[in-house]
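Descriptive structure summary
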Amino acid sequence: MALTPEQEWSIVACGLIAHADGELTAGECDPVLAVIDERLPPDLRAKWTAILLDREALERHLEDLPPPLPLFCEELLERAWSIALADGEGSEAEREVFMLIADTLGIEREEVARWRETWDRRAAQVAREKACFAALLVHADGVIDPEESQRFNALIERLPVPASEKPQLQAYLQHAPQVAEVKTRLAGLPRERRIEVLRSIAPLVYASSQAEVGAQLFRELGQAAAVPTDVVENLLRRDQAAS
């Protein structure tokens, strides 16, 4: 399996954003590689993880990449910006790297600013879905453990939504949404967003004293979202190992 130039651009751009605030660790490579496909073969995953861990290697690779197709530039930049929003809002360093990538692609800054307004609105909507789905997972076994509550609130703090809205999302700890509603909303998201949501809530599974209950619901959500079983199981295994 060989990556297309557009896929390589996505990994390199997202990797440079991830490096902007400091050194990238191996565990932090997964969200970057996931912009391509959660099922990368082991040899390609190992190759690109090694490149991602080395900022200079990323910069060299960027210099050698042929220009992506013009129609792909907006999608590419949105993926890169999503990495900057992973902790709530892009830092100054992340914004600088992001604009450097946009300049390299030859995109006018006014155009990028318009795109970012759209992306920020979209990211906020996905963030609300994450809060909704996370709350459902926390409530799965009927008991909210202290670690579940802590991780849920930490997730809310990282979401790219206005601070004034976060108390409303935190209130899901008291009143969880209905399972059917959650499944319908998850299925309506684009594939990449569905996987992003599942990846963000997976750590809550093993924060519970009854993790097997949460794991079963997580699998049900993955099935409702039409996410391949092996991708769902990989997400569960990674967070089980980290717990």
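Just so we're clear, the structure is a prediction, and the values are computed from it rather than from any experiment.

For the chain, the count of helices and strands is 13 helices and zero strands. Reading the secondary structure of the chain in the N-to-C direction produces α-α-α-α-α-α-α-α-α-α-α-α-α. Taking the principal axes of its C-alpha atoms as reference, the chain extends roughly 55 × 40 × 30 Å. By the burial criterion, 49% of the 243 residues in the chain qualify as buried. Within the chain, residue pairs in contact and separated by at least 24 positions form 72% of the contacts whose partners lie at least 6 positions apart. Surface exposure of the chain reaches about 11800 Å², of which carbon and sulfur atoms provide 51%. A distance of 4 Å separates the average location of the 26 positive side-chain charges in the chain from that of its 43 negative side-chain charges.

Another aspect to go through is the confidence of the model for the chain. Note: predicted coordinates in regions of low pLDDT should not be interpreted at a detailed level. Confidence in the prediction for the chain averages 86 pLDDT; 94% of positions are at 70 or higher. The least confident element of the chain, judged by mean pLDDT, is helix 2 (residues 29–33) at 74; the most confident is helix 6 (residues 92–105) at 93.

This next bit is on the environment of G106. Within the element layout of this structure, G106 appears in the loop between helix 6 and helix 7 (109–138). Overall, the relative accessible area of 56% leaves G106 in the exposed class. Spatially, the C-alpha atom of G106 lies 40 Å from that of F152, the residues being 46 residues apart in sequence.

Below, the discussion takes up the nonpolar core. Counting 43 residues, the largest nonpolar core has L77 and F98 as the members making the most contacts within it. The set of elements that each furnish at least two residues to this core consists of helix 1 (5–19), helix 2, helix 3 (42–52), helix 4 (55–64), helix 5 (73–84), helix 6 and helix 7. Dropping the residues within four chain positions of it, L77 is found in contact with F98, I101, A102, L105, I107, V112, W115 and W119. By size, the runner-up hydrophobic cluster in this structure holds 40 residues, among which are A127, V182, A202 and A225.

Here helix 7 crosses helix 8 (residues 146–158) at 180°, and the two axes come no closer than 10 Å. Between helix 7 and helix 8, the angle is such that the two are roughly antiparallel. Counted together, K130, A131, A134, A135, L137 and V138 of helix 7 and E148, F152, L155 and I156 of helix 8 form the full contact between these two elements. Of the residues in the contact of helix 7 with helix 8, the class split is eight nonpolar, no polar and two charged.

Procedures and definitions
Residues numbered from 1 in each chain as written. Predicted model: local features only at pLDDT ≥ 70, side-chain atom pairs only at ≥ 80, totals over all residues. Heavy atoms only, no water. Helix = DSSP H or I, 4+ residues; strand = E, 2+ residues; numbered from the N terminus. Buried < 20%, exposed > 50% of the residue type's maximum accessible area, 1.4 Å probe, protein only. Contact = heavy atoms within 4.5 Å. Areas by Shrake-Rupley, 256 points an atom, 1.4 Å probe, with all protein chains shown as cover. Lys, Arg positive; Asp, Glu negative; His and termini not counted. Charge placed at Lys NZ, Arg CZ, Asp CG, Glu CD. pLDDT = per-residue confidence, 0-100. Core = buried A, V, L, I, M, F, W, Y, C linked by side-chain atoms within 4.5 Å. Axes fitted to C-alpha atoms, helices over the stretch in contact; angles between N-to-C directions. Parallel < 35°, antiparallel > 145°, perpendicular 65-115°, else oblique. Nonpolar A, V, L, I, M, F, W, Y, C, P; charged D, E, K, R; others polar.

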